[in-house]
Amino acid sequence: MADGTQRKDIKSGLSVAIVLKQDQRSGVLTHGIVRDILTKSPNHHHGIKVRLMSGEVGRVKEIY
């Protein structure tokens, strides 16, 4: 299972767990399907930022 810090590991339609901006302190994960990849760089140490099908935006912590 990839950790979500590499852009190449993330594709639209993947099932992922993200941490929303307001949940960064608590670490609560939100599960969903990737709609858009928002991070342009090939990697990001906090996780690649994505938009889920639900419209929620956060950084990928787990990929399923």
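See the structure shown above.
Thresholds applied
Residues numbered from 1 in each chain as written. Predicted model: local features only at pLDDT ≥ 70, side-chain atom pairs only at ≥ 80, totals over all residues. Heavy atoms only, no water. Buried < 20%, exposed > 50% of the residue type's maximum accessible area, 1.4 Å probe, protein only. Helix = DSSP H or I, 4+ residues; strand = E, 2+ residues; numbered from the N terminus. Pairing = 2+ DSSP bridges. Salt bridge = Lys/Arg side-chain N within 4 Å of Asp/Glu carboxyl O. Core = buried A, V, L, I, M, F, W, Y, C linked by side-chain atoms within 4.5 Å. Polar contact = N/O pair within 3.5 Å; in protein donor to acceptor, adjacent residues only side chain to side chain. Contact = heavy atoms within 4.5 Å.

Novice: For this particular structure, what's the right way to read the pairing of strand E3 (residues 49-52)?
Specialist: On a regular strand, one side chain projects to one face of the sheet and the next to the other, so that they alternate. Only one face of E3 is covered, namely the one carrying Val50 and Leu52; the face carrying Lys49 and Arg51 has none of its residues buried. The pairing of strand E2 (residues 29-37) with E3 spans 3 bridges and is antiparallel. Across the sheet, the residue bridging to Asp36 is Arg51, located in E3. Between the antiparallel neighbours E3 and strand E4 (residues 57-63) lie 4 residues, among them Gly55 with a positive phi of about 95°.

Novice: What should I look at first to understand the pattern of salt bridges in this one?
Specialist: Where charged atoms from two side chains of opposite charge approach closely, those side chains can pair. Considering all chains together, one arrives at 3 salt bridges under this definition. When the shortest N-O distance is used, the salt bridge between Lys8 and Asp9 registers 3.3 Å. For Lys8, a relative accessible area of 60% corresponds to the exposed category. For Asp9, a relative accessible area of 27% gives the class partly exposed. Arg51 is the salt-bridge partner of Asp36, the closest N and O atoms lying 2.9 Å from each other. Taken together, the residues span a long stretch of sequence, with Asp36 in strand E2 and Arg51 in strand E3 at a distance of 15 residues. One continuous salt-bridge network, built from bridges that share partners, spans Arg35, Asp36 and Arg51.

Novice: For this particular structure, what's the right way to read the nonpolar core?
Specialist: Soluble globular proteins tend to pack their nonpolar side chains together in the buried interior. Ranked by size, the top nonpolar core spans 10 residues in total: Ile10, Val16, Ile18, Leu20, Val34, Ile48, Val50, Leu52, Val60 and Ile63. Breaking this core down by element, the ones donating at least two residues are strand E1 (15-20), E3 and E4. At 3 residues, E1 tops the list of elements feeding residues into this core.

Novice: What's the story with the side chain of Thr5 in this structure? I'm lost.
Specialist: Following the sequence through the fold, Thr5 ends up in the segment before E1. A distance of 3.0 Å separates a polar atom in the side chain of Thr5 from a polar atom in the side chain of Asp3. If near-sequence neighbours (up to four positions away) are discounted, Thr5 is found in contact with Pro42, Asn43, His44, His45, Gly47 and Ile48.

Note that every value here comes from positions in space, so none of it alone points to a role or purpose.
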